[in-house]
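# Summary of structural features
What follows is each chain in one-letter form.
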Amino acid sequence: MQEYELDCMGEACPVPLIKTQKKMEELAVGDVLVVHIDHSCAVKNVPEWARTQGYNVEIEDVDDGEWDIVIEKNK
Amino acid sequence: MEKKIEHFDVIIIGGGAAGLTAGIYCGRARLKTLLIEKSLMGGLATYTSEIENYPGFPEGSSGTELMELFHKQAKKFGVTFKGTAVQSVDLTGEEKIVETFRNRYIAKAVIITTGGKPRLTGALNEDIFLYDKGISFCATCDAAANTDKTVMVVGSGDSAIEEGIFLTKFAKKVIISVMHDEGIMDCNEIAKAQAMANPKMEFIWNSTVHSYEGADHLERVILKNTKTQELQSINIDSCFLFIGYLPNTELFQNQVALTSRSNIIVNERMETNLPGVFAAGDVCEKFLKQVATAVGDGAIAGYACEKYLAEGEIFEQQILNEGKKSLVYLYNGSDAVAREKITLVEDFGAKHPDMRVTCVDIYKSDGLARRLAVKDIPSVVYLNNSEIKTVLSDISANTLSTISLS
């Protein structure tokens, strides 16, 4: 299992989602991606997309208006 | 992935109105509180564009805005939030275990506020018109907005027919789609007779929803006759679905006692059948599902949870008395005779300085009596080595002196 990070700070939708989708393709099963975001719309669409893929998702509040989305490529 | 273990006093599962309120109460009582929400904080209320019956907001509020305030308030009291799904729970033991994909959380108590969702028909385009786009699940919420309009109600159970009757006070016409043969409904006979006699109500028998149509908002419902397969287009302004409610309780099956409809059974203190496990809000078997009632449930659950944990501490430290001799007098403070016997018990204790005496008024909470498994009140319980040695319900100076203090 490897952990990767993706910095999407300062990026507006749909850029974080597109970057996440692209990065997830590179990951192997069991790997984890941590996406750093600060756009509230990305807190919705990135986890929503990941859940529809069947991946495990966790949203962590880092600070006011700042989040980490943890996605496990579990399949 | 290795799961990280974390300890909390209480874990709240579900971040809707009930869960956030329980969080406010637990956080404010200085309990180390974790709230886990699988999708968006705020729950079902966030699907409502306008909430006009939540007190304190005379101008109304959007569900999202209102829930954002709840969230902010819970944060202020130090509640920890995790935005992920719970994978499994073990609530039967003294330690409650809640697992997510990254963590194994251990807590002394759990509050279940997982809510539920209304059942859908599964008809074509349903997802496009849900909630404020024309398909509603709550007459109490949306009746006023349908004044002088034509609405459809799908279903024939108690809630469908009773809510349908309620809607006739606002709408000019209420069309009921019933899947059964003419005259057959799932509701009680009184509601049925009332509905059949109501001039504003119209019934379409042997029908199910085939599809929903409209430009931006719902305009037409296409019904299908279950016998002839014929389609019928009906112009309406809103469509209310009352075909059941699915509580989110899959995780708790075989642990927490549920009704036949999978709602959690709670008492007036929001306690489930398991000690230290509480439930609040729409997930419970309840009379009215509203933000206002979820808030009430959440407050009770948070308070009851705090009391449960406090009692647990008293039980460990004072009642069990680190395995040393302990005498407990359980009485009801409203019983004058039982109150008089306090001195009797205290006098007896004074003669045995190696024994700790605790008098417990069970009037407000019978939690300690339940932990001792004592049903007869008043009773005197003698413990040594953390074990109950004697239970005495006939209390006098004489009977006390017969207790063998080994």
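Residues numbered from 1 in each chain as written. Chains lettered and ligands numbered in written order. Predicted model: local features only at pLDDT ≥ 70, side-chain atom pairs only at ≥ 80, totals over all residues.

### What to know about the overall build of chain B
Secondary structure summary: chain B contains 9 helices and 21 strands in total. Here the C-alpha radius of gyration of chain B, 27 Å, is well above what a compact globule of 406 residues would show, namely 22 Å. With respect to the three principal axes, the spread of C-alpha positions in chain B is 85 × 50 × 40 Å. Residues classed as buried in chain B amount to 39% of the 406 residues present. At a minimum sequence separation of 6, the contacts of chain B that also span at least 24 residues come to 64%. (Helix = DSSP H or I, 4+ residues; strand = E, 2+ residues; numbered from the N terminus. Rg over C-alpha atoms; globule rule 2.2 N^0.38 Å. Buried ≥ 20, exposed ≤ 12 C-beta atoms within 10 Å, placed from the backbone. Contact = placed C-beta atoms within 7 Å.)

### Some thoughts on the interface of chain A and chain B
Between chain A and chain B, the contact holds 9 residues from the first and 8 residues from the second. Those elements that place two or more of their residues in the side of chain A that touches chain B are strand 3 (56-63) and strand 4 (66-72) of chain A. Per-element tally for the side of chain A that touches chain B: the top contributor is strand 3 of chain A, with 5 residues. Residues belonging to the side of chain A that touches chain B are distributed by class as follows: 5 nonpolar, 1 polar and 3 charged. In the sheet, strand 3 of chain A pairs with strand 3 (residues 80-84) of chain B via 2 bridges, with the strands oriented antiparallel. (Nonpolar A, V, L, I, M, F, W, Y, C, P; charged D, E, K, R; others polar. Pairing = 2+ DSSP bridges.)

### Points about the nonpolar core
Residue and element names in this part refer to chain B. Grouped together as the largest cluster of nonpolar side chains are 55 residues, with contacts concentrated most on Val 10, Ile 11, Val 110, Ile 111, Ala 279, Ala 280 and Ala 301. When contributions to this core are tallied by element, the ones reaching two or more residues are strand 1 (4-13), helix 1 (17-28), strand 2 (33-36), helix 2 (63-76), strand 6 (103-112), strand 17 (277-279) and helix 6 (291-319). Of the residues forming this core, the biggest block, 8 residues, is contributed by helix 6. In contact with Ala 280, other than residues within four places in its own chain, are Ala 18, Ala 22, Ile 111, Thr 113, Met 270, Ala 294, Asp 297, Gly 298, Ile 300 and Ala 301. Judged by nonpolar contacts, the second largest core, of 32 residues, contains Val 151, Ala 160, Val 221 and Leu 223. (Core = buried A, V, L, I, M, F, W, Y, C linked by C-beta atoms within 7 Å.)

### Description of the domain arrangement of chain B
Its domain assignment divides chain B into domain 1 (4-117 + 245-314), domain 2 (120-241) and domain 3 (321-401). For domain 2 of chain B and domain 3 of chain B, the distance between their C-alpha centroids amounts to 61 Å. (Domains from an automatic or database assignment.)

### Overview of the UniProt feature "domain: FAD/NAD(P)-binding" (unreviewed entry) in chain B
The positions UniProt marks with the feature "domain: FAD/NAD(P)-binding" (unreviewed entry) are residues 8-298 of chain B. Here residues 8-298 of chain B runs as 20% helix and 27% strand, with 18 Å between its end C-alpha atoms. (UniProt positions renumbered as here; feature names shortened; annotations may be inferred.)

### Comments concerning the sheet that holds strand 13 (residues 220-225) of chain B
Residues and elements named next belong to chain B. Within the open sheet, the 3 strands sit side by side as 12-13-14. Their pairing is antiparallel. Looking along the sheet, the strands with just one partner apiece sit at the ends: strand 12 (207-213) and strand 14 (231-235). Taking the axes of each pair of neighbouring strands and ignoring which way they run, one obtains an average angle of 30° across the sheet. Across 5 bridges, the pairing between strand 13 and strand 14 is antiparallel. By the bridge assignment for strand 14, Lys 224 is matched with Leu 231. (Axes fitted to C-alpha atoms, helices over the stretch in contact; angles between N-to-C directions.)

### Looking at the pairing of strand 10 (residues 173-177) of chain B
Residue and element names in this part refer to chain B. Most of strand 10 is tucked away: 4 of the 5 residues are buried. As paired elements, strand 9 (residues 150-154) and strand 10 share 5 bridges and run parallel to each other. Across the sheet, the residue bridging to Val 154 is Ser 177, located in strand 10. Regarding the hand of the β-α-β motif, the stretch spanning strand 9, helix 4 (residues 158-167) and strand 10 is right-handed. One ladder, built from 4 bridges, connects strand 10 with strand 11 (residues 201-204); its direction is parallel. From the neighbouring strand, Ile 175 faces strand 11, where its bridge partner is Glu 202. For the crossover that starts at strand 10, traverses helix 5 (residues 189-197) and ends in the parallel strand 11, the hand is right-handed. (Right-handed = clockwise from strand over helix to strand, strands pointing away.)

### Remarks on helix 2 of chain B
Residue and element names in this part refer to chain B. Here helix 2 spans 20 Å end to end across 14 residues, near enough to the 20 Å set by a 1.5 Å rise per residue. Buried residues of helix 2: Gly 63, Leu 66, Met 67, Phe 70, His 71 and Ala 74, and no others. Angular distribution of buried residues about the axis of helix 2 spans 140°; they occupy a single face of the element. The exposed set on the far side of helix 2, more than 90 degrees from its buried face, consists of Lys 72 and Lys 76. Looking one or two residues past helix 2, Gly 78 carries a phi angle of roughly 85°, positive in sign. (Expected span 1.5 Å × (residues − 1). Arc of directions from axis to C-beta.)

### Some words on the UniProt feature "domain: UPF0033" (unreviewed entry) in chain A
Those places that UniProt annotates as "domain: UPF0033" (unreviewed entry) correspond, in this numbering, to residues 6-30 of chain A. In the segment residues 6-30 of chain A, helix accounts for 48% and strand for 12%; the C-alpha atoms at its two ends are 17 Å apart.

### Examining the sheet that holds strand 20 (residues 379-384) of chain B
All names here are of chain B. A sheet is described by the order of its strands in space; here 4 strands give the open sequence 19-18-20-21, paired in mixed fashion. Every other strand in the sheet has two partners, leaving strand 19 (356-361) and strand 21 (387-392) as the edge strands with one partner each. Within the sheet, the average angular offset between the axes of one strand and its neighbour, ignoring direction, is 20°. Docked against the sheet, helix 6 engages strand 18 (326-331), strand 19 and strand 20, running at close to 150° with respect to strand 19.

### Structural notes on the packing of helix 1 of chain B against helix 6 of chain B
Residue and element names in this part refer to chain B. Following both chains from N to C, one finds helix 1 and helix 6 inclined at 35°, their axes separated by 7 Å at the closest point. Of the two elements, helix 1 crosses helix 6, and the hand of that crossing is right-handed. Listed contacts from helix 6 to Ala 17, Ala 18, Gly 19, Thr 21, Ala 22, Tyr 25 and Cys 26 of helix 1 are Val 291, Ala 294, Val 295, Asp 297, Gly 298, Ala 299, Ala 301, Gly 302, Tyr 303, Cys 305 and Glu 306. Broken down by class, the residue content of the contact of helix 1 with helix 6 amounts to 12 nonpolar, 4 polar and 2 charged. (Left-handed = near helix turned anticlockwise from the far one by under 90°.)

### Let's talk about the packing of helix 1 of chain B against helix 2 of chain B
Residues and elements named next belong to chain B. It is at 8 Å that the axes of helix 1 and helix 2 come closest, and there the two elements cross at 25°. Taken together, the axes of helix 1 and helix 2 lie roughly parallel to each other. Note on packing geometry: the crossing formed by helix 1 with helix 2 is left-handed. Taking contact as the criterion, the partners of Ala 17, Leu 20, Thr 21, Gly 23, Ile 24 and Gly 27 in helix 1 are, on helix 2, Met 67, Phe 70, His 71, Gln 73 and Ala 74. Here the contact of helix 1 with helix 2 is built from residues that sort into 6 nonpolar, 5 polar and no charged. (Parallel < 35°, antiparallel > 145°, perpendicular 65-115°, else oblique.)

### So, the environment of Met 41 of chain B
Residues and elements named next belong to chain B. By the element assignment, Met 41 lies in the loop between strand 2 and helix 2. Taking the C-alpha atoms as reference points, Met 41 and Arg 339, separated by 298 residues in sequence, lie 49 Å from one another. Met 41 has contacts with Gly 15, Met 67 and His 71, leaving out every residue within four places of it along the chain.

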